[in-house]
Every structure is written in C-alpha cells, then in structure tokens.
Number of protein chains: 4
Amino acid sequence: MPRLAIHRLSMAHPGDLSELAGLITRGALRAGDVRAVIGKTEGNGGLNDFTRGFFTQTLMLLLAEHTGEAPARLAARIPCVLSGGTEGALSPHYMVFSVSAEEAPGQRGLALGTAFSAVTPAREIGRIAQIEAVIAAVRAAMADAGIARAEDVALVQVKAPAAQAPDPAARSGDAKVLMALSRAGAAVGAGVALGDIPADRVTEAALLSDLSLFSNRVSISSGVEVTCNEVAVFGYADGWAEGVVAGVAPMTDLLDLAGVQAAFAAAPGEVLGVIAKGEPDRSGAIRGYRHTMLGDTDIDAQRHLRGALGAIVAAVAGDGRVFVSGGAEHQGPPGGGLVCVFVRRSPPP
Amino acid sequence: MPRLAIHRLSMAHPGDLSELAGLITRGALRAGDVRAVIGKTEGNGGLNDFTRGFFTQTLMLLLAEHTGEAPARLAARIPCVLSGGTEGALSPHYMVFSVSAEEAPGQRGLALGTAFSAVTPAREIGRIAQIEAVIAAVRAAMADAGIARAEDVALVQVKAPAAQAPDPAARSGDAKVLMALSRAGAAVGAGVALGDIPADRVTEAALLSDLSLFSNRVSISSGVEVTCNEVAVFGYADGWAEGVVAGVAPMTDLLDLAGVQAAFAAAPGEVLGVIAKGEPDRSGAIRGYRHTMLGDTDIDAQRHLRGALGAIVAAVAGDGRVFVSGGAEHQGPPGGGLVCVFVRRSPPP
Amino acid sequence: MPRLAIHRLSMAHPGDLSELAGLITRGALRAGDVRAVIGKTEGNGGLNDFTRGFFTQTLMLLLAEHTGEAPARLAARIPCVLSGGTEGALSPHYMVFSVSAEEAPGQRGLALGTAFSAVTPAREIGRIAQIEAVIAAVRAAMADAGIARAEDVALVQVKAPAAQAPDPAARSGDAKVLMALSRAGAAVGAGVALGDIPADRVTEAALLSDLSLFSNRVSISSGVEVTCNEVAVFGYADGWAEGVVAGVAPMTDLLDLAGVQAAFAAAPGEVLGVIAKGEPDRSGAIRGYRHTMLGDTDIDAQRHLRGALGAIVAAVAGDGRVFVSGGAEHQGPPGGGLVCVFVRRSPPP
Amino acid sequence: MPRLAIHRLSMAHPGDLSELAGLITRGALRAGDVRAVIGKTEGNGGLNDFTRGFFTQTLMLLLAEHTGEAPARLAARIPCVLSGGTEGALSPHYMVFSVSAEEAPGQRGLALGTAFSAVTPAREIGRIAQIEAVIAAVRAAMADAGIARAEDVALVQVKAPAAQAPDPAARSGDAKVLMALSRAGAAVGAGVALGDIPADRVTEAALLSDLSLFSNRVSISSGVEVTCNEVAVFGYADGWAEGVVAGVAPMTDLLDLAGVQAAFAAAPGEVLGVIAKGEPDRSGAIRGYRHTMLGDTDIDAQRHLRGALGAIVAAVAGDGRVFVSGGAEHQGPPGGGLVCVFVRRSPPP
C-alpha cells in the first residue's frame, strides 16, 4: 500500500538542502521515495531568477548521490516546482512529497501521481500544442496515482516551461508575456483534463483573454529552468494509506480572508504544507479601491502580489512557510486565486 | 460643542486632491475646520520619496485658496502625516480630520488636539532635545483637545523630521539611520508623555537599542518634507460630540491576525479610518522561520513590511484604505506593532 | 533682436527651484522671458514617477508669482520637459531657456520656438491623429522661432502625453506600451515635419515596428503629467543674437563613445546643456555580447539604460548634468540614439 | 616554462558553463591547468545574490568531471572571484586564467599565483586577524607565482568572505556593513603586502574610515559564497612566457575617462580581459554636482555604481565584457577606483 508523506523543510539559501540531506542520512526518508518537490526560493520570481535553477541542480545532485541515478534522469522524472520570491512574511522552504510502500491492506487516501510532457519548444508555448500536452500529462499523472475520476482530484500543480532563448516563431517576442502564456496554456490544459473548463471553448486566442475559463484546482508556475510541462496531481484513490488530507478553496479576490479560512476549515489537522495562487486584479482596483501593483516601475507586480497574498495566508496558517505563486491566470476567478492546505488529519475527538 | 469628523478620500495620484476640493466646494466640509491629515501616497516611503512633499504642497495650496490663509501658515498648524508606499493591497488615500462647532450641550467624545514643536535641526534628531520637544508637544496637543488624563489618549500620531541636508553634528551620517533615530526619539518622547515609558529609563543610547521601552498607543512616521515634530493626539474628552470611537490593539508579531481582529472588535461600527504600524523582525525570523525582508538588495525592508502588514490589516478591514507605516521602533513590542481603527459607533441594537 | 540664453541649475529635490528663484530675484533672469524648461528629476522615470508633476507645479507657481500670470496659463505656453531618473553619475538639474529682446542689429543665431498641440486623449495616442498634431506643432514652433527651413533645425524636443486613465478605445491597455506609442507617434511626427522621415511611409502600424524610420534630430519624453504634445524647436534663424551653438550627433549604439565625442567636437565652447537619448538594444545584445537590461525583474530597462548612457555622456561632458532620456524609438538608429550639446561658442583664437 | 593564458567566455545564465566545457572537450584548454576564474554573473551583487554560488557550484562540478578531483578540493585551490550585477551595458562573462607548461627557455612574463587563507569566521572579518591573513596569503600567492618584488605586482584580486550567519561577536550586526568591512580588511591587507599602505598606520578603526590608506593595485569582492580570503596575484616574474601584459591605472573619480584610457594606453594589444573597481562618492557629489546613488530606496547604490562605471569602461574597451565591482574602499582614492586591462601584446610595428 503506497503512503504519501510530506516533509516541509527550511533552507538557509537556495543551494542549502542540508535538512533534506539530514533526513536521508538518518533514515527518516528514503531518497528513492521522493516523487515531487514544491518550494519557495528567495529570488525575484521573474525571468532572471536563478535561485530555482540553483536549488534544482543541488537537489538532483543530492538525490543522485543517494540513489545512484544520474541527476539528469532524476530531473526528468521528479517534478521540482519552485516559485521564486519570498516577499514580506514568506519563508524560504520546500515540501518534499514522498511515497513509500507499506505492508498493509489498501485503504483510500491522498495519492500523488506525476508525469512529464515532451519538451515544449518556445514556439509551442501558449499554443494548442502545449494545451494538449498538458491534458495528456495530467491524465497520465492521474493514472500514475490511480485516481479514477476527475472529481477525485484535489490539486494539479504544474511547472510550465519558459523560453530558453528568443524564437521568432514564438507567440510573443516578450519573454515575460511568453511566461504568462505558458502558465495560461498549462492552466487551461489542466482545467480541461479535470472537466472544469469545457474543451470546446478552448482556443489559443482565449489564453490570457477569456478569464471566465478557469479551474479552482489548478496551480501553475513557469520558469526558464524547465523545458517541458512537469505535472504533479494530488487526489484521492483506492489503495493508498489514509492520514494526509487536502483542503482546497477559491479566493474571490486578494482580500478574501474567508476564502483562506475556508480552505483551512476544510482540512483540520496539523498543517504539512500550504499552496496559494493569486494575481493583481487587472482592473487596477480591489473592491472599488485603486491598487498600485500594476504600475510600479520599481517593484514587479508579482512581487507585490506575493507579499500581500503570502501575508494573508501566512497569518491564517500561523507561519510564513506558504508556497505563494503569482500569475493565477485561469487558476481561480479573475483577480482571485485559490488556497490548498495539506494536513495530517486530526483524529476524531 | 466641537465635533470630530473623519473623511477618508481616494486620490488618482499624489497631487490629486479633487475629492477634498469637491467636499469643500459643495459645502460638505469647511476648509477652515481641517485640523489634521493622515494619508498614504504611492511613493517608495524612503529618503527619496517626494510624493509626500507633492501632496503636502497641493493640500496647503487648496486650503489656502479656500481659507485665505497662506500655505506656509497652514503647514505650520495642520499636521500632515504622510507615509509613502502603497505596496500590495494598499490603496492610496488620505483621512481628513476636521472639527466643527455645534450648538448642542457638551457630551464626552473622541477629541483631537494638535501641536508643533520648534524646528528640530539634524543635530537634535535622536537626542534628548528631540525627546523633550515631543514630550512638550504631546502635552500641548492634549491640552489643545481638552484631554485630561494620559489614560484617555487613544493614539498619538507624530510626523517627525529627517535631515534636510548632511550635518556633521548629527548622531549619524547615514540619512536612513537618522530617519530611524527620529522615529525612535519621537516614539519615546510620546511614550513618556503618556506614561507608557518611564522617564527615568530614557537615554539617548536607549533609542533603537532598548526595545523594551515602547508604547502601544504611539505611531510615528518620519520624512524629509517636515522640519519639526508635528503631533496629533486622539483621545476622549468632555465637551466633545459623541459618535466617533477608536479601537486600538497591539500586534505581537507581523502575523498576529488576532491582534488585528481585536482592534476591530474593540470598536464595532462603520470604519472611518485604519492606522497600523509594524516592522520586520530584527532577529531575521518570525515564529522561528526565517524571513528575507532585511537582506534583500532589491526591495527595501520597509516596502516588504508594508506590503505584508497592509494586506493582513486590509483583509480584516475589508479594503485597502489602510494607513500602514513601517519603522515601528518603540511603537509596540519588537517585531510587532499596533492597529488603530476609527469607526462611527454602531447604535446599540 | 531676440537672444536665447540657457541657465543650467541644480536642485536639492524635485520641489526645489530656489536657484531659479534666486536668478529672478536678483535680476539675472526675467520670469517673463522663460520660454522652455528641460530637466532631470530624481524619480524612477516610469508611470509612477511623480517628481515631474511636483517640479512642474512648483515651477509654474514660482513663475506665476513673478509674472502675475495664472499657473495654468503658464503651463499651457511654456513646455516643461522633464525626464525622471538620475541613475548612476547623473545629477538632478534643469535647463531654463529664456529669450530676451536686445537693442541691436539682427544677426543669425540659435533660435527657440514653442508650440502646444490640442489635448491628445488616450485614444489618439500612437495614432495618425497624434502624428498629425505633432507635425503641425513642430511647424508652428518653427514659425514661432522664425526658422525658415527644416535643415536649419538642430533639435526638436517634445514632451508627449501618456494616458491619465485607462481608456478602452486606446491602442493598448498597457499604460507602459501606450507611453512608448506616444513617444513613437511624436518622434515620427517630428521626423516628418523635419523631412527626415518620408510622410508616405508613415502608418500607425509602423510605430514601434518599422525602426528604419527615424530622425537624428528628435528627442521625445512622455509622461502622465502632460495632456498634449508640448514642442520646443531649436534651430538657426535670421534676426537672432549669436553666441549659443548646438552640436548634434547620432550614436550608433550604446557604447558609441566616438558619436558622443563628435557632438562635443561639433560645438566647441563652454557647455551650457546636454541632451541625450538612447535605448536598450532590443536584440538583447550590444556588439554581439548579451546585455541583461530587458529581462531584469528588479530594475526597469530604462533605468538601466539611463545609468549607462548617462555615465558615458557625463564622462565626456565632464559632469553629471546631462539630460538623458530612455525610450529612443524612431529617435536615432535602433539600439542607438543621439547627443545634443548646447555651448557658448568659444571665440576664435 | 609556465605560460599564462586567458580565455574570456560568455554565458547564457549563471549555471551555463558550456563555452568552457567546449574548450575542454575539444582540447583547447586542459581542465587541470585552470588556476583562477574571475567573472560577472547577472545577479544583484548584494547579500541575496545567489548567482555567484550557482556559478561556482557548476564550475567545480565541470572541472571535477574532467580532472577527477572532488569539487570541494577544487574550490579550495582555485579562486573563483565572482561579482554579481551586469547593470546597463555590462555583459555576463568570465575570464578563465590557466597556466600550462611549455618546453621552452624561460623568459620574463606575466605570472599568476594563488593562495587561500584559513577560514575566516564572522568575528574576524574587518579585524586585524583578517588583515594579517590577507597579508600572508598575498605573500604566499607571490611566492607561488615566483614574483620577486612587490613592485612587480600588477594586480591583487581577492574574494573576501561575508558572514554566513549572524554572529554576536562580529564587528557589525548589519550583514551589509560586515561585507564592506571584509572588503576593507582584505584591501588594506593586500595594500600592506604590496608596500602601498604603511603597516604602522593600519588599525581596525582605520577600516572604512581612513580612506587615505589605499592601493591602486588591489581589487576586492566579497560574498557569502566564500568562507576564506581567496587571493590571485598577477605580476611579472622570470621564467614565465611572454605575450600577456597588464595595464593598470587609477581613476580619480567616477567620470575619470582619461584614467580609463590610460590603462588601455599602457597595454596596447588585443584585449583579453578588463577589471574595474569604483564606488559612489560618499560626499554625495561628483565634481561638485549632487548624485543620487546613495539615497535611492529602490536601486542599491552599488547597482547604480556598476551601471555607470561599467558603461564608461565598456565604451573605451569596445564591448560590455568588463568585470566591474563596486565597493572600492581602500582600492584607489575615495570616490575613485582603478582599471586593469589584460592584453595580448601587439607585436612591435
């Protein structure tokens, strides 16, 4: 019987995986059991954030040392979803998702499945090719986990590729726009795979444009350090150990404190990890009052967003170890987002 | 009988006081009744934030036009406390505090008194001279309001001076440090005037150093656009109209959601204005988890802080019109801060 | 006989015009003679740079005080071209261009003429309407100066409008893009008026796209603090006093030190003012080596550009009082720019 | 006979050493011959710049793969001096200094020697312990190169340690100040070793304070990614191959174009590498005109400095592959700096 475990670890800098090394060395975690890593590094979260690549390189070297598998092979099967930017109250940390086999009768519990699409070149980003690749990858990840139905999925997390180099055939010459198109393509693909977005309404033109297409169960980051769509699906499946539960709730806008609290209320217990997505409201206002995130020449809008959203979620969660990622296009309602909480379920009183 | 009124107004940019002009023009507010203005402009909040000076110049011109008093004279009697930086969810806005005379029997209500110290040159900033000037100004402002006892004070708000130009006789050659010393000097002075800080423990060396000296009822901003200590005191006094109430509560750390909620719970009613102070925890961690606000080369620590604190308070308040100011030295516990809410009291059910 | 004079003045902050006030007070300059002001304020140069508006308001108040003319009327006839951002070696300063009448026989000298277009609403920015408005304004400014032929023009300086508020009819919903379109529209209009750009090749689609259309004698800034196209034209005309000369030269790329030196060589004498335009090479490389200006999440590309270009020009000029403005679309060759030097001509040896 | 070779290589990102890998693979460079690496990565150059660590990790892995030596051992003998920040015209690049043995009679040429001090804990930074450690390391590096006399030294390049973690015994609790103290300690130590700074004037209090103590032949960077003082000394020694020459000249201030040109004039030939140091003038002015580098809340002073200095040097050098590092305390006159050019000497005409 597979059992999903979540270790939430801190780091002194983006190349510091000493806490994970310690777990492995003292036998608390088998390196070979690691199935996915989701974390926040202290970069700027933008095009020129290399803390993600630094962490990934260090992680794969560490796992290679303990598994004997080559770093490149590990990187090709373990999704490493990093979001740069620990603005404000956020704390650099990473969640290590591992699956171990137990000698025990199968129950029904939270399952994890992963899949990688083929390499997505710049010219496919934000195009039907990417959307279809993500649909297929989400389905493959569900199958990997043994999740039978779309409604059993709690969360799909994707790390989507950005362009490594300018490509005249790309949908946009602006690397930042291409990064947003990549998030949009992956979000819409995942939304279709879950049945949250009707396949017949999906067009390339709808990406970043028709924001009525969204899923509340999809979280996407994009970055230059990945070249394909890396997918991790969390959901409930037969045959998996009980114990870990996920609570997910949408946020209708950035200040939706009740939405955050709803996610935590849906999954009472010891918090093992928190994922939140959001975005600066494009209208330039929240609840009728002007915000200044989109027009600041000195601080990037996503850095503003993460600082604000991260603080609200951290205030509810109780500490700053919250994975907050900006760019929530098609992931929750426009101007809003979502919160997902992983907990060790409290035993019934 | 004096009656305190609070108008909370938005602006399209730091030189836009059209909402205030509209109130005056259509008779909803007498220009001569304006006693203090507290607001957030969309600058960076640091040494080179000129949005505060731009707003102040525009405000005094507008009031001069309607009162016939010279701008310089108005600026010398109306505290204009501006904090730059509307990071994240915050919305540029300003609170206009006015006092009108009513033909009615005196009650007991929230009163406002103001006072200005003499010009504080750079060499007196963060020195006993400034502390004593602020003690005297707070007492003068209390007398101005008719607030009889220190325990009747809800909040002291001070705009403290920063150095206009380098002065070899100043306590620090670093303008940013001098700005912090000015906040510290004003906070400790106000704390002594309120009886929250024992006078016999106050030394120049204690500023920015002995953080056990603090008051939970003191909020300080500093800036190069003022040259003396401008003081506004809010508290309860006989002979003032009822209706407006203030709720104040400390925050023990940046994530103290319960502290924020306590301030709002202490003053139920229609929110007229919100003031919050906080600071990045100097230990480099919040509740044991590392934050990165103090070591970011690209975003100033106070900008990080305002984005995070502002979002938490705004999430509770319901919108982004929250006056959030960083640099909370001696204003609340180390790493923490305070929240003050002004409301129109709900009538008893 | 009109005589053009240039005073280059420093400021302690964007609201400090004390040096100009001093000149006027002690009779060195008549307030009524001021015809144009071009300066650098220490903001960020972007959408949320309010140092330009602060300076303009203060300037017009000062001139109003000394001329008796209303600030709004002065602002409608005196071009005030400010560029925010004094990165690196640059020094905040402003050039005051004044024209006085002399009792003397007419010679042939550097002339200044000004003109304002009608208000340009957001929907006309970057459209034929703006281009035609600028063509007409440049011609009007030439006529104002008495400059007979386009080849006698040394430099056209335009302050072009940005959108005050979002307008669904605008060419772009991105305020930053609209700001670039405004620079492009004004540059192309001025280039057509000078005969440097063939009118029959001008289309709306060519703006920001066909960069083979450019003039080496055109310098444009745009900003939210202006609502129409403010034009100042410098050139040689009969009947103007001798003495001041302009040297202009193109820069083929950002590192074109020889180009900068050529502008100074073309006008030997005491430097009265320097204007430079440039832009980050869109190819992402300069002379084959990658630059990082366009992909930095933390420092805006134009801030990078001004710091680099400003230092090179200042190193040749001898000090940091150089007007450097980014966004050189259609103003010089792609990736390059131009330098214009005003000098008091050295007497022949 | 040892021969010093310099390869100047570009990178697509801080983890991209493919150009070096290519040289090694096709036999143009033996991995075992690499003696030092000096480069610019595209980070922010401050405390939270992890591009340096990422590059170093990748470099040592690459060399390990080709030499069979462990990465940690390579890192302990090959100085890897990285400066983050490619502002403005600068281009990310690195210089690989290698020494190969030739079967040829000894001549007299440019030599390279290296040495590492013992680990320097935070409490020794900016203290006599660090200064003495650097003096010893510079002497060891000279001996390693066979450089007989201090006057034969062209340049000492040091990578000095910053604190990995707060230490109450450190000279400053401010990590940024400690970083500056580390540069100062290393600069003064190297200056003493060269005889440019009199040993009897050196005290801990003089660091960052008595700026009349300086050497024009010393360039220091500091960073959290190193834990000891890594020293590379370039100078002329018997028995080394001819061909490579270094030209060094001081800059009296940031705009000292003649100083930059003097360094290039001193070493005519094909440019192999350029090193420049400088700093924002602490007086707040350059040649009497105010600069704004030291008071900008949004752009770090060193980022301003590198953008400006880098552009001037690159304009003379001809492209952006210039190693520019800020923080020039005790390395050249106050407000100034130095330039060092490595060239392949032009054959006599």
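Above this text you will find the structure in question.
Residues numbered from 1 in each chain as written. Chains lettered and ligands numbered in written order. Predicted model: local features only at pLDDT ≥ 70, side-chain atom pairs only at ≥ 80, totals over all residues. Heavy atoms only, no water.

Turning to the pairing of strand β8 (residues 228-238) of chain D, a few remarks are in order. Residues and elements named next belong to chain D. Counting buried residues in β8 gives nine out of 11 residues, a clear majority hidden from the surface. Here 10 bridges tie strand β5 (residues 108-119) to β8, and the two strands are oriented antiparallel to one another. What sits directly across from Ala-111, in β8, is Gly-235. Sheet analysis places strand β6 (residues 153-161) next to β8, joined by six bridges and oriented antiparallel. Bridge pairing in β8 places Lys-159 opposite Glu-230. (Buried < 20%, exposed > 50% of the residue type's maximum accessible area, 1.4 Å probe, protein only. Helix = DSSP H or I, 4+ residues; strand = E, 2+ residues; numbered from the N terminus. Pairing = 2+ DSSP bridges.)

All right, on to the packing of aromatic side chains then. Using the criterion set out here, one finds 18 aromatic pairs over all chains in the structure. Geometrically, the ring pair formed by Phe97(A) and Phe234(A) is tilted, given 4.9 Å between the ring centres and 55° between the ring planes. Within this pair, whereas Phe97(A) is found in strand β4 (residues 93-101), its partner Phe234(A) is found in strand β8 (residues 228-238), the two being separated by 137 residues in sequence. There is no split in this pair, since Phe97(A) and Phe234(A) are both buried. Ring centres of Phe97(A) and Phe342(A) lie 5.6 Å apart, and the angle between their planes is 70°; on these two criteria the pair is classed as edge-to-face. Of the two residues, Phe97(A) sits in strand β4 while Phe342(A) sits in strand β14 (residues 337-345), which places them 245 residues apart along the sequence. Take Phe97(A): its relative accessible area is 0%, and that puts it in the buried class. Sitting over the ring of Phe323(B), Lys40(B) keeps its end group 5.8 Å from the ring centre. (Phe/Tyr/Trp six-rings, centres within 6.5 Å; stacked < 30°, edge-to-face > 60°. Lys NZ or Arg CZ within 6 Å of the ring centre and 35° of its normal.)

Attention shifts here to the interface of chain A and chain B. Counting residues at the interface gives 39 residues for chain A, matched by 39 residues for chain B. Of the roughly 2800 Å² buried between chain A and chain B, counting both surfaces, carbon and sulfur atoms make up 57%. Looking only at chain A, the three residues that lose the most surface to chain B are Leu255(A), Tyr289(A) and Arg290(A), adding up to 23% of its buried area. Counting across the interface, chain A meets chain B through four salt bridges. Between Arg290(B) and Glu42(A) there is a salt bridge, with its nearest N and O atoms 2.6 Å apart. The tally of links from chain A across to chain B stands at 18 residue pairs in polar contact (both at pLDDT 80 or more). (Contact = heavy atoms within 4.5 Å. Buried area = accessible area lost by both parts, 1.4 Å probe. Salt bridge = Lys/Arg side-chain N within 4 Å of Asp/Glu carboxyl O. Polar contact = N/O pair within 3.5 Å; in protein donor to acceptor, adjacent residues only side chain to side chain.)

Turning our attention to the relation of the copies chain B and chain C. Note: a rotation about an axis with an accompanying shift along it relates these two copies of the chain. The operation relating chain B to chain C is a screw motion whose rotation component is 180°, with 0.0 Å of axial translation and a residual RMSD of 0.0 Å. Taken together, the turn and the small shift mark the pair as related by a two-fold rotation axis. Relative to the rotation axis, the C-alpha of Phe54(B) is the closest in chain B, positioned 2.7 Å from it. An overlap of 100% is found between the interface residues of chain B and their copies at the interface of chain C, pointing to a shared contact surface. (Least-squares fit on C-alpha atoms with pLDDT ≥ 70 in both.)

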